[in-house]
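# Structural features, examined
One-letter residues, chain by chain:
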Amino acid sequence: MEALSNGTLCAEDIKTTLTALMRTTLANILAMQPGMKNWEEEDFDDRIAALEAENKSLRRAAREANWDGVRDVLKAAAHSVGLTISDSIDDDLGRQAISVKRRLNKVEVEVLEGDDVRQCAKPLLVECGADNFEKFISEPVTTKAAFEMVRKRHPSSSMGRIIGSFEVLYMEYFGDTPPSAIHPAKQEKFFAWLSRLPKTHGKSHGRNRATNANEAMGKGPQGKTLTKEQEISEADAMDHAIMEEIRAIEGISLSERRALLAERLVPRLTMSTLKKNRDSLSRLFRAAEKLGSEVPKVLSYKDLDEIVKRQAPDDELYVRVTKPKTRVPWTKDRITSFLTCAIYTGSHSKRYRSRRGRIVVRDATYWVPLIVLTLGSRISEILHLKKSDVVHRDGALCLALNWGPEHSGKSESAKRILPVPELLLQLGFAEWFKRLPEAQYMLFPEALDRSSTGDATSAFGKHLHNILKSLKLADFDQDFYAARKTLSSMLDQAGVQENRRQAIAGHRHGTVLNCHYTAHEVEQLKSALDVADFQLEISLDAKLGFPVIRRCNLGGQMVLDVDVTLKDNHQVATLLVREPGNTQLVFEYTPSTQESRRERCNAAQSMAALAKRYSLRMPRNADRRKAIEHLMAYA
């Protein structure tokens with residue numbers, strides 16, 4: 001940001017600016033060359049004299065360190081590549097600029113004397129590392145054109161979101177600076193800046209579609225708008241205050257101070273996210289190169305690691321906090337709670353699926369989570385199934401995943417045919433499929449209709465997340481995408497070979513080809529899928545006319561909700577345990593001001609006893625869950 005804000009140029013910026021000056025001047029000379037045949041002889045003499053006089057004046061100015069003669073051309077050249085030069089030009093830049101300008105004037109003199117500009121400019125191009133004159137003098141590919149090419153090369157809706165997010169970051173930091181000018185030194189500063197960006201950037205402005213619509217109707221500002229730089233500044237200020245607060249605490253060790261800081265500092269972008277932004281920059285460079293631009297080399301992942309390390313100040317208290325998402329398989333209790341929720345055992349209505357009732361609606365909300373759990377597939381793969389993707393092969397009902405060219409999957413291995421697990425057949429999947437309207441083309445059209453942009457996965461994910469939140473099953477690490485890992489974990493525990501598990505999941509390294517199974521192989525594959533025992537009790541509901549889930553014996557016999565509030569030191573302040581939907585408490589613990597060891601141990605033993613008899617539904621907040629688990633360690 002320094003170069004963009006105060007006009008200070010590094011060595012690479014100076015090179016970029018002088019190259020832009022040469023490009024513009026040589027392009028002008030080339031454009032002038034054809035019209036010279038109409039010049040009078042005195043026109044040539046006057047122009048040559050003027051150029052020689054200018055060079056003489058530039059030599060004198062260089063001796064006197066007077067850069068007025070090149071200030072305007074330098075500013076114009078810098079502006080063309082998104083840079084800013086102050087009125088006070090550095091001596092080093094001034095001397096280089098005068099040297100380049102004099103050489104360009106000599107090239108023009110030689111052209112006026114009859115030589116070709118391409119031949120005269122060769123020494124300058126060699127110094128710039130260019131070997132093609134026409135390519136060198138062409139205008140740099142604009143930022144807008146480069147991003148348009150990226151979108152053309154990566155047209156999927158998921159990539160569109162990634163490109164759009166990166167474009168916001170690029171434009172705030174670099175402005176309209178063309179990709180060709182983003183040299184390694186600029187990249188280093190950019191990623192150092194990105195590494196300070198809060199993980200939740202852009203998510204706490206109070207702006208959404210409703211507030212934007214209100215603002216568009218003239219109802220005044222809705223929410224607040226912060227730049228990324230402002231978000232970084234606010235996060236830095238918060239961290240500074242917290243560090244000084246903990247620095248002032250007496251009687252604790254350095255390790256304890258750092259542990260306290262790790263719990264309270266603002267989480268910043270993870271290395272994984274920084275690497276994804278690095279990949280986005282690489283895509284932008286390749287797009288610019290495709291349009292004919294010379295682009296610099298993109299920094300490596302190793303370079304990113306070193307950049308982040310260099311950001312660490314000389315302060316023993318410094319801790320860089322990130323909050324990476326570590327998706328883990330769902331626990332047995334969590335699976336039990338989900339499979340026996342109102343979606344599957346009876347909800348209030350089609351709209352209110354998290355409320356208990358007598359209605360079971362078998363649509364995408366019902367089937368898609370079950371298919372993901374029992375097949376370990378990606379949500380997007382199931383959402384985009386067509387009716388024609390339900391096939392009968394070698395004696396088994398199957399699903400053809402990623403079979404169409406419009407959704408070919410993440411890799412060649414994603415294209416596969418998997419038998420429908422027995423659990424889905426027991427729940428009546430085959431009968432439900434046969435009764436679908438003849439005119440219906442997609443298997444789950446209502447899920448696709450949730451999105452107006454074509455991003456059905458995000459729209460369905462938000463819909464499902466809201467239901468999970470109402471059911472108190474929403475979790476940062478155990479989101480529904482993590483349920484995909486649940487099947488693989490269950491198959492692993494049952495001894496299913498890794499290559500078969502990878503092939504079922506559609507991983508790149510799966511060595512079983514899922515497109516052309518023999519009858520024996522389909523049977524083996526179905527057997528492998530069916531070893532994942534969810535311990536469901538299923539029976540026909542005469543009123544509904546199809547089988548429903550009655551019970552899941554995978555977890556404990558009964559679920560209890562556990563809630564907790566925390567003290568400033570992240571320990572338990574109050575602990576409440578109750579049955580779902582019941583205000584009466586099963587257990588309550590509020591430690592005294594001076595909590596004794598006996599008091600804590602008694603509470604821990606009570607919680608341990610409850611954990612043996614019931615399935616405890618812990619808070620979805622990781623800090624709260626950890627506080628409860630820490631208390632139970634004293635049992």
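Up top is the structure these notes are about.
Report follows, based on the coordinates.

## Here we look at a negative patch on the surface
A grouping of E40, E41, E42, D43, D45 and D46 is seen on the molecular surface, where their side chains present a negatively charged patch. Of note, E41 is situated in helix α3 (residues 41-63). Accessibility expressed as a relative area gives 55% for E41, which makes it exposed.

## As for the packing of aromatic side chains
Two numbers describe a pair of aromatic rings. These are the distance of the centres and the angle of the planes. Evaluation of the coordinates by the stated rule reveals 19 aromatic pairs. Arranged with centres 4.8 Å apart and planes meeting at 85°, the rings of Y173 and F174 form a pair that is edge-to-face. Comparing Y173 with F174, the two get one shared label, buried. Each member of the aromatic cluster is reached from another via a ring pair, and the members are F147, F166, Y170, Y173, F174, F190, F191 and W193. The positively charged end of R362 is found above the aromatic ring belonging to F546, 3.9 Å away from the centroid. The ring of Y634 is capped by R600, whose NZ or CZ atom sits 4.7 Å from the centre of that ring.

## Topic: empty space enclosed by the protein
Rolling a probe over the atoms, with the probe sized like a water molecule, indicates the empty space that remains. Per the counting criterion, the structure on display carries two cavities of 30 Å³ or more. Reported here for the second largest cavity is a volume of approximately 30 Å³. Elements represented by at least two residues in the lining of the second largest cavity include exactly α9 (143-153), α10 (157-174) and α15 (271-290). When grouped by side-chain class, the residues that make up the lining of the second largest cavity number four nonpolar, one polar and one charged.

## What to know about α15
The first and last C-alpha atoms of α15 sit 29 Å apart over 20 residues, in line with the 28 Å expected at 1.5 Å per residue. Within α15, the full set of buried residues consists of L274, N277, R278, S280, L281, S282, R283, L284, F285, A287 and A288. Phi for G292, located one or two positions after α15, is positive at around 105°.

## Points about the packing of helix α2 (residues 11-32) against helix α5 (residues 91-112)
At their nearest, the axes of α2 and α5 sit 11 Å apart, and the two run at 15° to each other. Here α5 runs roughly parallel to α2, going by the angle between their axes. Our pair here, α2 against α5, has a crossing hand that is right-handed. Every residue of α5 that contacts α2 at I14, L18, L21, M22, T25, L26, I29 and M32 is listed here: D92, L93, Q96, A97, V100, L104, V107, E108, V111 and L112. Looking at the contact of α2 with α5 residue by residue, the classes come out as 14 nonpolar, two polar and two charged.

## Quick notes on the environment of D68
Note on placement: D68 falls in helix α4 (residues 68-80). Each C-alpha atom of the pair D68 and D87 lies 9.1 Å from the other, and the pair is 19 residues apart in sequence.

Criteria and thresholds
Residues numbered from 1 in each chain as written. Predicted model: local features only at pLDDT ≥ 70, side-chain atom pairs only at ≥ 80, totals over all residues. Heavy atoms only, no water. Patch = residues over 30% accessible without salt bridge, like charges linked within 9 Å, V, L, I, M, F, W, Y side chains within 5 Å. Areas by Shrake-Rupley, 256 points an atom, 1.4 Å probe, with all protein chains shown as cover. Salt bridge = Lys/Arg side-chain N within 4 Å of Asp/Glu carboxyl O. Lys, Arg positive; Asp, Glu negative; His and termini not counted. Charge placed at Lys NZ, Arg CZ, Asp CG, Glu CD. Helix = DSSP H or I, 4+ residues; strand = E, 2+ residues; numbered from the N terminus. Buried < 20%, exposed > 50% of the residue type's maximum accessible area, 1.4 Å probe, protein only. Phe/Tyr/Trp six-rings, centres within 6.5 Å; stacked < 30°, edge-to-face > 60°. Lys NZ or Arg CZ within 6 Å of the ring centre and 35° of its normal. 1 Å grid on protein atoms, 1.4 Å probe; cavity = no way out; pocket = protein on both sides within 12 Å on 5 of 7 lines; lining within 4 Å. Points joined across faces, edges and corners; volume = space filled by probe spheres on them. Nonpolar A, V, L, I, M, F, W, Y, C, P; charged D, E, K, R; others polar. Expected span 1.5 Å × (residues − 1). Axes fitted to C-alpha atoms, helices over the stretch in contact; angles between N-to-C directions. Parallel < 35°, antiparallel > 145°, perpendicular 65-115°, else oblique. Left-handed = near helix turned anticlockwise from the far one by under 90°. Contact = heavy atoms within 4.5 Å.

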